There are 4 protein chains.
Amino acid sequence: MTMINTAILGATGYTGAELIRLLDQHPVFHIAHLGAHSQAGRLLHEVLPGINDPLASMRLQAADAPLADDIQLVFTALPHTAAATAVAAALAAGKKVIDLSADFRHQSADTYATAYGVTHPHPQLLPQAVYGLCEWHHQAIAHSNLVANPGCYPTSVLLPLIPLLQAGLLDSEQTVIVDAKSGTSGAGRSAKTELLYCEANESIRAYGLPRHRHVWEMEEWAQGIGGQTTHIRFVPHILPMSRGMLSTLHLNGQRTHEWLDLLTQRYASSPFVRVLPTGQLPSTKGVQGSNRCDIGVACLGRNHRGEEEAVIVSCIDNLMKGASGQAVQNANIMFGLEETLALPLHAQWP
Amino acid sequence: MTMINTAILGATGYTGAELIRLLDQHPVFHIAHLGAHSQAGRLLHEVLPGINDPLASMRLQAADAPLADDIQLVFTALPHTAAATAVAAALAAGKKVIDLSADFRHQSADTYATAYGVTHPHPQLLPQAVYGLCEWHHQAIAHSNLVANPGCYPTSVLLPLIPLLQAGLLDSEQTVIVDAKSGTSGAGRSAKTELLYCEANESIRAYGLPRHRHVWEMEEWAQGIGGQTTHIRFVPHILPMSRGMLSTLHLNGQRTHEWLDLLTQRYASSPFVRVLPTGQLPSTKGVQGSNRCDIGVACLGRNHRGEEEAVIVSCIDNLMKGASGQAVQNANIMFGLEETLALPLHAQWP
Amino acid sequence: MTMINTAILGATGYTGAELIRLLDQHPVFHIAHLGAHSQAGRLLHEVLPGINDPLASMRLQAADAPLADDIQLVFTALPHTAAATAVAAALAAGKKVIDLSADFRHQSADTYATAYGVTHPHPQLLPQAVYGLCEWHHQAIAHSNLVANPGCYPTSVLLPLIPLLQAGLLDSEQTVIVDAKSGTSGAGRSAKTELLYCEANESIRAYGLPRHRHVWEMEEWAQGIGGQTTHIRFVPHILPMSRGMLSTLHLNGQRTHEWLDLLTQRYASSPFVRVLPTGQLPSTKGVQGSNRCDIGVACLGRNHRGEEEAVIVSCIDNLMKGASGQAVQNANIMFGLEETLALPLHAQWP
Amino acid sequence: MTMINTAILGATGYTGAELIRLLDQHPVFHIAHLGAHSQAGRLLHEVLPGINDPLASMRLQAADAPLADDIQLVFTALPHTAAATAVAAALAAGKKVIDLSADFRHQSADTYATAYGVTHPHPQLLPQAVYGLCEWHHQAIAHSNLVANPGCYPTSVLLPLIPLLQAGLLDSEQTVIVDAKSGTSGAGRSAKTELLYCEANESIRAYGLPRHRHVWEMEEWAQGIGGQTTHIRFVPHILPMSRGMLSTLHLNGQRTHEWLDLLTQRYASSPFVRVLPTGQLPSTKGVQGSNRCDIGVACLGRNHRGEEEAVIVSCIDNLMKGASGQAVQNANIMFGLEETLALPLHAQWP
């Protein structure tokens, strides 16, 4: 098969590193260009010692360096707003783009401005962006030139939530409470005291209150795909592990004992979503290194007001299904390839 | 000052080990007897390599070995039901007892039977037990012969909750959602595959659903001390750190902007409860190795139903304020000593 | 290409789990049979939650269950002596075998008996076994029916040592001091107190003294391949990480400043050995999840006796190049496939 | 007893934080002044969230702020050369000083210049400095105004080595090989990418080659106290744990089977050195949070040249006996107090 040349902009952060690892094992995509912000000019192995030759000897280009004509696909793993600028340039040059930043996840520039506190640099591009939650936007992704790769928290929350919303099984008046826990790689690779080993090790803390940026994204697509206005109260925590994300959804609804079957059926043909058998709950270790989302349901019975209560636990690897894995899944779909190509189905254990 | 001889039964688990460490540095309490279940007959250092001589050379007695007459205080850190048996024997021998098991935390043998699935071996002792949440039962503890040391999860939840309940600031109809996270030492020291380093490392998972045993304890004392019937939905998680516990309380109520002041005032004279300034949330690292409970409040504003929402985060070291530290605090109170004696106020950092 | 059916015996330990993960992504080898000791009869996902369907629903067979006729290759990841029995049966049934135990790593049953303290159950098979250090026995492996997969420590030590021995650059009278550090998965998956998260976390210790079993293997093949009698003093340590192995070799020799070039040239065509540039030393993170061995050399100059001193640091992932990765590499060679098939060249970062 | 006022300069690094924790529990020393480099002007709890009030509300002074007249003792935990300047000022103001930097560990300004690559700012003070290895310089410390607190690596190496050197039991011609492993706190609290949780977690690496600064200190005092010229080859490693240090000494000598007895006798009256029984080796967990050094000896027998070989493993908590704990021990000695005052004898487990 003819190889498809790709570029990765923002190659030296954790999502960039993961893209490199996945794409270099991919039978169709070829890494032809690596761009970086602050590390431009250095050789890749100086910044990412885990990469082997010949890739290790590639030189990092500036983030705005011109892209060769034969590059067909660009992954942008840059900070928000910087990503939008790179996306606009790549689209103008006729490339397809998968953007791992938040810049194209919202349909409206106003929501983006509210969530991120900045004016969108290229609002005219928003209408052509497809929200790349693969299990729900497969067709649109296949016909798109610009895919907005979902956030890690929204991915872990929307996958279990959407089927329930579509089936009308959640109390519409409730506030959906999401208590989420992320490994430290979710905070990025910048050198901050609070992210030092000795500060993060043996510690867990909440952050991002009163309203984390990802809440807008969750609510927008719970409505946009689930078809029902949803109010989410979200508390993320950071904990001492490198990668992994677990979201605990505290829910009220109807016929909670049918939820497991509903989810199982809905995702029966989705290779990367696994709904666990009755009585089992997932762990982040069970998905570590894989592109899977594992989902478990626990029914709690009726509370004192007569409402049925349930807890759903959803686990992903934040750098895989939560970022770079889903980006490659999107790329596979976009180019008409087998959706699972070069994407691990099994976790690394231990 | 005359030393007070004490015994520790169940000396080789994690709470027993922590009791040994704390009591050996105590200016008044003296460790005169160490009892153990399966390790009886061995020398202490064979089981706990971190203990120094001369204590390291003490021989572990059987859990039911007779206690010398001059022993005034017994700490029982045994499994439930085994603890009750040891407690009954110690009381009969005229000792004071602080029980770290769940056996005397409930006022009714029926609740105990429901929560633990066994018949209480000594229900006649329940009326004389005092629930040892030091900040709320100080007087009763001082006059008691039997203190039931609170569970780790209930301690972290009740301390922030009680003042709000007493002030009538929580919506009485709500289900209080508690999403809790515990270090692995909370699961004890028994050799199970799921607790192996390679299985627990780099992993988080929920457990204890649909209803963890500690919920009965939380609800009983939220009512018993807080004075208001409280419905709690509780989801505990285990995460890759040795010690530490963080409970996230998702709450609806009135005048949430006053909560921080209320808590600050209520605990102004409690040396082991620290209410953080506005805008700060605690971490488990901030309390690791100390006997403190750190509490932070985040006000989220009004939701779509007009209710005020808030999140409270509460952190303890599960082996200190969550177990052995609070046990020593109880012992200090019971014997009329300074409450803070031999109890660290500061965390080990890092 | 026609698939080659394989069996994995001892599928539920850490090396078995890693074999499953690697082989299920392999374009040629197909997992047709899973055998296990104590877990026989269970479904795979009950024991290894990280494995996805359809493999997850395979039932584990007894370790001595008969193998179907169309199985061509058997991986034995069983305890020593149990492995030899399974190997003998598989060979008798006409299968090729790659044995991950220690049973066929020694050329003499006497050495085996000395190192392992048991009589070899099938000494008659020793002559046909090939020691599967891929970079040195490629031809023999390709023509063998029985490959003894090397130990993790010997792999990390022999790869840097052999070229220096062959070139006669090491002082022949010295004792080569190897100070090695292994992640906890090297101790296996059995439930022992000392391997609990809370015991292994935040701790490092030495073990295996005075003479670890792997020393015989190192010395035998340093002589057997390196061509020079070698005396090794070996101290292994276990440290708080799941996987990864670093061996530090303290050496005296001649022309130490040429060692880096020699190693670089010797391994120039070995895809899984990377010799780092001058001034760089490897980390286990740089090889985690990959099948690579990374090697760095530091020249220390002449000591007070006029001898040249150098330190070599060698890193592997103990479950990959140290066990299951090298086993798959051996299988690739054995069946005339591309050596790198289905084997990661890059580390997972982070 | 009258309290002794103390100052800590460099209060916000890890050794400063540990000094605060230890001194605030001390019955005699009182923390009257906290100085800091970059954090001057902030309140302590903003930088160290684990410290409780009232200490938490102390404001950090500039490192060169004047010290009140009633301050009798100054701990300097500043970077080298900055420390010397602060020491000179404190001595001039009539204070006693315990310096945790390297500035006064060497007897000669030339050695210091060679090891640290800078000219000593105050060489005239070197003659009055006492090397504060408590177990060997007790008398001199008691009469000194300036104690140079030993480095962490030298402490762990010299304690087991000195008795053997004094007894003439080591082959004098050998190179003593020390392979050491340190927790990440040893690298300090500055925000560097390589010290981020995600980079340091699940990784071990060697550093500091060809010759780490601490080698000069080890060799100087092996000679200075042990009385024999000693050649040390030293390779330190950093590993994924917050605190703890293990040094493995690879040795040749005479009568190795007597070493354990010799060490046991020599340290019988040293409360902070524990020599383990035959057959036992220490772990860093066994000393974590304590001020102990645990030492184990393994005799390996005679090698092919007829020399007796042995391995000694020595463990300390790098922030306790390796830094702040030994500093408080020195302070206790300096002021004629009980040597163990406020210093933990037992490890935190887990």
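As the structure is a prediction and not an experimental result, all values here were calculated from the model. Numbers given for residues are sequential positions, taken from 1 along each chain in its written order. Here every chain gets a letter starting at A, and every ligand a number starting at 1, in the order they are written. For a predicted model such as this one, the threshold for reporting local features is a pLDDT of at least 70, and the threshold for listing and counting side-chain atom pairs is 80 or more; totals across whole chains, interfaces and linings nevertheless cover every residue. Side-chain figures throughout are based on the complete set of non-hydrogen atoms in the structure, without hydrogens or water.

## Points about the overall build of chain A
Runs of H or I in DSSP of at least four residues are treated as helices and runs of E of at least two as strands, each being numbered from the N terminus. The helix and strand inventory of chain A stands at 10 helices and 14 strands. Here the globule rule reads 2.2 Å times residues to the power 0.38, and the radius of gyration is calculated from C-alpha atoms. Its C-alpha radius of gyration of 20 Å places chain A within 12% of the 20 Å reference for a compact globule of 350 residues. Its C-alpha atoms put chain A at 65 × 45 × 40 Å along the principal axes. Each residue is assigned to one of three classes by its accessible area relative to the maximum for its type, calculated with a 1.4 Å probe on protein chains only: buried under 20%, partly exposed between the two thresholds, exposed over 50%. For chain A, the proportion of its 350 residues judged to be buried stands at 67%.

## Some points on the sheet that holds strand β13 (residues 293-302) of chain B
All names here are of chain B. Two strands qualify as a pair provided that DSSP identifies no fewer than 2 bridges between them. Read across the sheet, seven strands follow the order β9-β10-β8-β11-β14-β13-β12 without closing on themselves; strand pairing throughout is mixed. Each end of this open sheet is capped by a strand with a single partner; those strands are β9 (205-206) and β12 (273-275). Bridge analysis of strand β8 (residues 175-183) against strand β10 (residues 231-239) gives nine bridges, and the strand direction is parallel. For D179, the partnering residue across the bridge sits in β10 and is V235. With respect to the sheet, helix α6 (residues 152-166) is in contact with β8, β10, β11 (245-253), β12, β13 and β14 (308-316), its orientation differing from that of β11 by roughly 30 degrees. Against the sheet, helix α9 (residues 259-266) engages β11, β12, β13 and β14, with an angle of about 160 degrees to β13. Residue contacts are counted whenever heavy atoms from the two residues lie within 4.5 Å of one another. Lines are fitted to the C-alpha atoms to define the axes, a helix being fitted only along its stretch in contact, and any angle between axes, read from their N-to-C directions, falls within 0 to 180 degrees.

## A few points about the environment of E135(D)
Residue and element names in this part refer to chain D. Note on placement: E135 falls in the loop between β6 (129-131) and α5 (138-142). On the basis of relative accessible area, E135 is assigned to the buried category, the value being 9%. Sequence spacing of E135 and V273 is 138 residues, and the spatial spacing of their C-alpha atoms is 8.6 Å. There is a polar contact of 3.1 Å between the side chain of E135 and the side chain of Q329. Identification of polar contacts relies on pairs of N or O atoms within 3.5 Å, with a donor-acceptor requirement for protein atoms, meaning one able to donate a hydrogen and the other able to accept it, and with residues adjacent in sequence counted only if both atoms are side-chain atoms.

## Things to note about the packing of helix α6 (residues 152-166) of chain C against helix α9 (residues 259-266) of chain C
Residue and element names in this part refer to chain C. For the pair α6 and α9, interaxial distance at closest approach is 10 Å and the crossing angle is 110 degrees. Classified by the angle between their axes, α6 and α9 sit roughly perpendicular to one another. Counted together, P160, P163 and L164 of α6 and W259, L262, L263 and R266 of α9 form the full contact between these two elements. Each residue is assigned to one of three groups, with Ala, Val, Leu, Ile, Met, Phe, Trp, Tyr, Cys and Pro labelled nonpolar, Asp, Glu, Lys and Arg labelled charged, and all others, Gly among them, labelled polar. Looking at the contact of α6 with α9 residue by residue, the classes come out as six nonpolar, no polar and one charged. Here the word oblique covers every angle except those under 35 degrees (roughly parallel), over 145 (roughly antiparallel) and from 65 to 115 (roughly perpendicular).

## Concerning the relation of the copies chain C and chain D
The copies were overlaid with a least-squares fit restricted to C-alpha atoms from residues scoring a pLDDT of at least 70 in each copy. Once turned by 180 degrees and shifted 0.0 Å along the axis, chain C lies on chain D with an RMSD of 0.0 Å. Given the turn and translation reported, the copies of this chain are related as if by a two-fold rotation axis. Mapped onto chain D, 100% of the interface residues of chain C again fall at the interface, so both copies present the same surface.

## Details of the relation of the copies chain B and chain A
Once turned by 180 degrees and shifted 0.0 Å along the axis, chain B lies on chain A with an RMSD of 0.0 Å. Comparing contact sets, 100% of the residues at the interface of chain B also lie at the interface in chain A, consistent with an isologous, same-surface contact.

## Thoughts on the interface of chain C and chain D
Facing the 47 residues of chain C at the interface are 47 residues of chain D. Across the interface of chain C and chain D, roughly 3900 Å² is buried in total on both sides, 58% from carbon and sulfur atoms. Its largest share of buried area at the contact with chain D, chain C owes to E202(C), I204(C) and R233(C), together 18% of the area lost on that side. Put simply, a salt bridge is a Lys or Arg side-chain nitrogen that is within 4 Å of an Asp or Glu carboxyl oxygen. Applying the counting rule to chain C against chain D returns four salt bridges. Residue E309(D) is joined to R233(C) by a salt bridge in which the shortest nitrogen-to-oxygen separation is 3.2 Å. Along the contact surface separating chain C from chain D lie 32 residue pairs in polar contact (both at pLDDT 80 or more). Here the quantity called buried area is the accessible surface, traced with a 1.4 Å probe, that two parts lose on coming together, added over both.

## Comments concerning the packing of aromatic side chains
Note on ring pairs: Phe, Tyr and Trp rings are taken, using the six-membered ring of Trp, and paired if centres are within 6.5 Å. Classes follow the plane angle, with under 30 degrees stacked, over 60 edge-to-face and the rest tilted. Scanning the model with the defined rule gives 22 aromatic pairs over all chains in all. For the pair Y197(A) and Y197(D), a centre-to-centre distance of 5.3 Å together with 5 degrees between the ring planes defines the contact as stacked. With Y197(A) in helix α7 (residues 197-200) and Y197(D) in helix α7 (residues 197-200), the pair connects residues from two separate chains. Taken together, a centroid distance of 5.0 Å and an interplanar angle of 70 degrees make the contact between Y153(D) and F234(D) edge-to-face. Remark: F234(D) occurs in strand β10 (residues 231-238) and Y153(D) occurs in helix α6 (residues 152-166); sequence separation between them is 81 residues.

## Let's talk about the interface of chain B and chain A
Across the boundary between the two partners, chain B contributes 47 residues, which contact 47 residues of chain A. Both faces combined, the contact of chain B with chain A buries some 3900 Å², and carbon together with sulfur accounts for 58% of it. Counting the surface chain B buries against chain A, the share from its top three residues, E202(B), I204(B) and R233(B), is 18%. One can count four salt bridges joining chain B with chain A. Counting residues per element, the ones that place at least two in the side of chain B that touches chain A are β8, α7 (197-200), β9, β10, β11, β13 and β14 of chain B. Tallied by class, the residues present in the side of chain B that touches chain A amount to 22 nonpolar, 14 polar and 11 charged.

## Re the side chain of H26(A)
All names here are of chain A. One can find H26 in the loop between α1 (14-23) and β2 (29-36). Within the local environment of H26, its side chain forms a polar contact with the backbone nitrogen of F29, the two atoms lying 3.1 Å apart. A polar side-chain atom of H26 sits 2.8 Å from a polar atom in the side chain of N332. Aside from chain neighbours lying at most four places away, what touches H26 is M3, V328, N332, L337, L341 and A342.

## Focus on the side chain of R189(B)
By the element assignment, R189(B) lies in the loop between β8 and α7. The exposure class of R189(B) is buried, given its relative accessible area of 17%. Of the polar contacts made by the side chain of R189(B), one reaches the backbone oxygen of V47(B); its length is 3.0 Å. Side chain to side chain, R189(B) and E199(C) meet in a polar contact 2.9 Å long. Leaving out residues up to four positions away in the same chain, R189(B) has contacts with T12(B), G13(B), Y14(B), V47(B), L48(B), T193(C), L196(C), E199(C) and W349(D).

## Points about the domain arrangement of chain A
All names here are of chain A. Residue ranges assigned to the domains are those given by an automatic or database domain assignment. Along its sequence, chain A is carved into domain 1 (4-128) and domain 2 (153-318). For domain 1 and domain 2, the distance between their C-alpha centroids amounts to 27 Å. Taken together, the 15 residues of domain 1 in the interface contact 10 residues of domain 2. For the domain 1 and domain 2 pair, buried surface summed over both sides reaches about 1200 Å², with 48% attributable to carbon and sulfur atoms. Across the domain 1-domain 2 interface, the total number found is two salt bridges. R105 is paired through a salt bridge with E217; the nearest N and O atoms lie 3.4 Å apart. Top element by residues in the side of domain 1 that touches domain 2 is helix α4 (residues 109-116). It accounts for four residues. Taken together, the residues of the side of domain 1 that touches domain 2 break down into five nonpolar, seven polar and three charged.

## As for the environment of A102(A)
Residue and element names in this part refer to chain A. Residue position: A102 is located in the loop between β5 (96-99) and α4. With relative accessibility at 7%, the residue A102 sits in the buried group. Taking the C-alpha atoms as reference points, A102 and A148, separated by 46 residues in sequence, lie 7.4 Å from one another. In contact with A102, other than residues within four places in its own chain, are Y112 and Y116.

## Structural notes on helix α3 (residues 82-92) of chain B
Residues of α3(B) that are buried include every one of A83(B), A84(B), A86(B), V87(B), A88(B), A90(B) and L91(B), and no others. Buried-residue contacts for α3(B) involve β1 (4-9), β4 (71-76), β5 (96-99) and β7 (146-148) of chain B.

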